[in-house]
Amino acid sequence: MKTKEKEVDIIIIGAGASGAAAAWNLSKTNYKIVCLEQGPLVNKNNYCSFQYKWEKLKKNKFNINPNIRKLKQDYPIDDKNSPISIANFNAVGGSTILYSGHFPRFHVSDFKTKTLDDVGKDWPITYSDLEKYYDLNDKMMGVAGLTGDPVYPKILNLKQPVPLGYAGEKIAKGFNKLGWHWWPSYSAVTKKINGKYQKMSVDKNYWPKAIKNGVNLKTNCKVKKIVSKASGQVSGVIYLDSKNKEKFLGAKLVILACSGIGTPRLLLNSANDYYPKGLANSSGLVGKNLMLHPLGYVEGIFKNFLASNYGPEGCCLASHEFYETKKLNEFKRGYTIHVLRGTGPLETAMNSLKLKRLKFGKSFHKDFLKIYGCTIPLAIICEDLPEKTNFIELDNSKKDSGGIPGVKINYSLNKNTKKMLAHGIEKGKKIMKTIGAHSILSFAPVRHTGWHTMGTACMGVSAKDSVVNSFGQTHDIKNLVVVDSSIFTTSGGVNPMSTIQALSLKITDDIKSSPNRFFL
Amino acid sequence: MKGHNLYNLEIKKIFKKYIDKMIPKYKYMPEASKVIKIEYFLKKKQVSKILKQKPLDSERLSLCIKNDLLEEYFTSKRVIEILEKRTKNFISNSKIISSNSIKLTKLIKISKKNKCL
């Protein structure tokens, strides 16, 4: 038997990057807002980045793969039919608890790939529409970087960039030698007074402010279905509270902020008599056009110690030399060359053992010290094009702890991406050779890298070929809005966090300025 | 009881010798037994079963403990601190210019072709 709770104005589902930005932006109004988050509020002192056993924690309860982590709040994701497995984290803060804090923006061209390159689709909005929200979000997240990057319109008010480190400077000189673009990373990493770097996550900045302004954040609450009692509108949600008790919470407006996997999962699971194919799915595109940013990996090993492991994980420098479509290339659009830090000691030892670069016995340490801190890794982050054949569907054979169906991923790399990855690997090797690597390892695609889940409730002008309009509002249901990465029309070739949050801020500003457009 | 304790001590000794052979001392890096808890491994049924067999199947033992051994060793406070010290010593003795924004800007050589706007 369901308990009926008192109706609120707005329900936000999900307290991750986009949900937090939406909650904070709307909290400055008189609306009564409840946010339902399936995970808990993690004690900051328990974050793996604060502990010397961080690498061990990353293998267990802070594992990026929900199928390995298997926490109460996680739902099963069958990724057997995909070369890339899904990575996420379910808690207040969402994936920002585990991400590397890399914060590049989309290029101006990313919003009009159809017009420029005849691939993908044009977004119904432009970089200019998002620019002030990018700026606001950079301020909220404390983004560090350097002004003047030639691939972007001027980005101001950035914090002091994170130092490149010795290894970063070495590879930067290599980029200079080849005449390739590079720029220090845009990172949500702030220098603390004691000299240590702190990565910013939304539970530390957006959420405390939103809660102070009156948003009611309910943790460990899994939304089972969005309820629609009449065509063209939703009336609230059915959710399971922390004690697995089923409740109905009514609302005038429902905002989805559950990621490119969680949002289509919920829309599909909310099918009813009015919407038998799932909510907001008249186009049949809910769950389709899944984009994942296939990733290539190149690692150079150098004779001398470079302290490449020193510095915030994942944030060093990036090159956009091959980001835009070039006539001579056999593929459209492009990729970022993202220079990473060296791996931690445990990962270094484990990988080296697997690759037979290291063996137990007399020479164990001697060999280990020839690798640890002596490597420079880089990632090739490829723009993924939207395709209907890449999709997610409900998996009724595997359910989560609340009995809600899991998800099955159906995904393969297209020809364009394969060519792009091969090109990126070749260029990655070239830079490693230029700076004197004595040994180079490369492979693609990297399996455990499906962080960036995009496109599964895509934004567009027409209800026939998109799920939401330029206001994030579903074409089919007036008071149902999506603010997460599922609404991306195309994927760009950079980490999407900055664009996810800028979009969420823009859409919630639209709700504040034109409420009649959204509320019944 | 006394005999049982002596037996356990003997097993512990054999295991300690074995893991120190896998990860021996080298310069400032300690041998495995100096930083890991041997009891953690001996509590594992499969490990104690292998250790009780004579002659010792070292290949099987190595296969059984290698991942846990690396995990315990490289996440131990002592090893982490030693490796951090090595890194910090290197950093303080190196010329790194990019911690200064102005010098960092000078490091970047932009050609006109990079103007993507």
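Anything mentioned here points back to the structure above.
Source: prediction; values computed, not measured.

Asks: In this structure, what is going on with helix α5 (residues 127-141) of chain A? I would like to understand it.
Replies: Residues lying three or four places apart along an α-helix face the same way, a consequence of the helix completing one turn every 3.6 residues. All names here are of chain A. The largest bend in α5 is about 25°, located at Y133. Listed in full, the buried residues belonging to α5 are Y127, L130, Y133, Y134, N137, D138, M140 and M141. Against the buried residues of α5 lie α1 (17-26), α7 (206-212) and α12 (497-513). Where α5 terminates, the next one or two residues include G142, which has phi positive at roughly 70°.

Asks: Quick question: what am I supposed to make of the pattern of salt bridges here?
Replies: Pairs can form between side chains of opposite charge once their charged atoms are near each other. Residue and element names in this part refer to chain A. Using the criterion set out here, one finds 30 salt bridges over all chains in the structure. The partner of K398 in a salt bridge is D78, with the nearest N and O atoms 3.4 Å apart. One end of the pair, K398, is in strand β15 (residues 391-399); the other, D78, is in strand β3 (residues 77-81), with 320 residues separating them in the sequence. Residue K398 is classed as partly exposed on the basis of its relative accessible area of 32%. Of the residues examined, D78 reaches a relative accessible area of 11% and is grouped as buried. The salt bridge partner of R447 is D79, with a shortest N-O separation of 3.1 Å. Placement of R447 in the loop between β17 (439-443) and β18 (480-482) and of D79 in strand β3 is noted, with a sequence separation of 368 residues between them. Taken together, the shared-partner salt bridges in this structure form one network comprising D110, D117, E324, R333 and E383.

Asks: For this particular structure, what's the right way to read the environment of A:N289?
Replies: Residue and element names in this part refer to chain A. Here N289 shows up in the loop between α8 (259-269) and β11 (295-301). Taking relative accessible area as the criterion, N289 reaches 4% and is therefore assigned buried. Residues N289 and C458 lie 169 residues apart in sequence; the distance between their C-alpha atoms is 7.8 Å.

Asks: So what exactly am I meant to see when it comes to the sheet that holds β3(A) here?
Replies: The strands making up a sheet are joined through hydrogen bonds of the backbone, oriented either antiparallel or parallel. Residues and elements named next belong to chain A. Ordered in space as β3-β16-β15, the three strands form an open sheet in which the pairing is mixed. The sheet is open, and its two edges are formed by β3 and β15, each paired on a single side. Within this sheet the neighbouring strands show an average axis-to-axis angle of 35°, counted without direction. The strands touched by α8 are β3, β15 and β16 (405-410); relative to β15, the strand with the most contacts, the crossing angle is about 70°.

Asks: Explain the interface of chain A and chain B here, please?
Replies: Listed as interface residues are 49 residues of chain A and, on the opposing side, 45 residues of chain B. Interface of chain A and chain B: buried area, both sides summed, is about 4300 Å²; carbon and sulfur atoms make up 70% of it. The three residues of chain A that bury the most area against chain B are A:Y52, A:F360 and A:H365, which together make up 16% of that side's buried surface. If you look at where chain A meets chain B, you find two salt bridges.

Asks: What is the right way to look at the packing of helix α4 (residues 45-52) of chain B against helix α5 (residues 58-74) of chain B in this model?
Replies: Residues and elements named next belong to chain B. Relative to each other, α4 and α5 sit at 165°, their axes nearing to 10 Å. In terms of axis orientation, α4 runs roughly antiparallel to α5. Along this stretch, α4 crosses α5, giving a crossing that reads as left-handed. Between α4, through Q46, V47, I50 and L51, and α5, the contact on the second element is made entirely by R60, L61, C64 and I65. When grouped by side-chain class, the residues that make up the contact of α4 with α5 number six nonpolar, one polar and one charged.

Asks: Explain the nonpolar core here, please?
Replies: A general feature of soluble globular proteins is that nonpolar side chains tend to end up buried together. Judged by nonpolar contacts, the single largest core of 136 residues is most densely connected at A:I13, A:I171, A:W207, A:I226, A:V237 and A:L480. Every residue in contact with A:L480, bar those within four places of it in the chain, is listed here: A:I226, A:V234, A:L253, A:V254, A:L256, A:L267, A:L279, A:A280, A:G472, A:Q473 and A:T474. By size, the runner-up hydrophobic cluster in this structure holds 34 residues, among which are A:F364, B:M22, B:F41 and B:L83.

Asks: I'm lost on unusual backbone geometry in this one. Help?
Replies: For residues that are not glycine, phi is negative in most cases, and the peptide bond is trans in most cases. All names here are of chain A. With an omega of -5°, the peptide bond between A444 and P445 qualifies as cis. Assignment of secondary structure puts P445 in the loop between β17 and β18. The residue N244 is not glycine, and still its phi comes out positive at about 65°. Judged by relative accessible area, which is 40%, N244 ranks as partly exposed.

Asks: Mind showing me how you'd approach the side chain of A:K427 here?
Replies: Residues and elements named next belong to chain A. Along the chain, K427 falls in helix α11 (residues 415-434). No salt bridge is formed by the buried K427; its nearest oppositely charged neighbour, E426, is found at 4.1 Å. Not counting residues up to four positions away in its chain, the partners in contact with K427 are W180, F322 and Y335.

What counts and what doesn't
- Residues numbered from 1 in each chain as written.
- Chains lettered and ligands numbered in written order.
- Predicted model: local features only at pLDDT ≥ 70, side-chain atom pairs only at ≥ 80, totals over all residues.
- Heavy atoms only, no water.
- Bend = angle between axes of the 7 residues up to and from the residue.
- Helix = DSSP H or I, 4+ residues; strand = E, 2+ residues; numbered from the N terminus.
- Buried < 20%, exposed > 50% of the residue type's maximum accessible area, 1.4 Å probe, protein only.
- Contact = heavy atoms within 4.5 Å.
- Salt bridge = Lys/Arg side-chain N within 4 Å of Asp/Glu carboxyl O.
- Pairing = 2+ DSSP bridges.
- Axes fitted to C-alpha atoms, helices over the stretch in contact; angles between N-to-C directions.
- Buried area = accessible area lost by both parts, 1.4 Å probe.
- Parallel < 35°, antiparallel > 145°, perpendicular 65-115°, else oblique.
- Left-handed = near helix turned anticlockwise from the far one by under 90°.
- Nonpolar A, V, L, I, M, F, W, Y, C, P; charged D, E, K, R; others polar.
- Core = buried A, V, L, I, M, F, W, Y, C linked by side-chain atoms within 4.5 Å.
- Lys, Arg positive; Asp, Glu negative; His and termini not counted.

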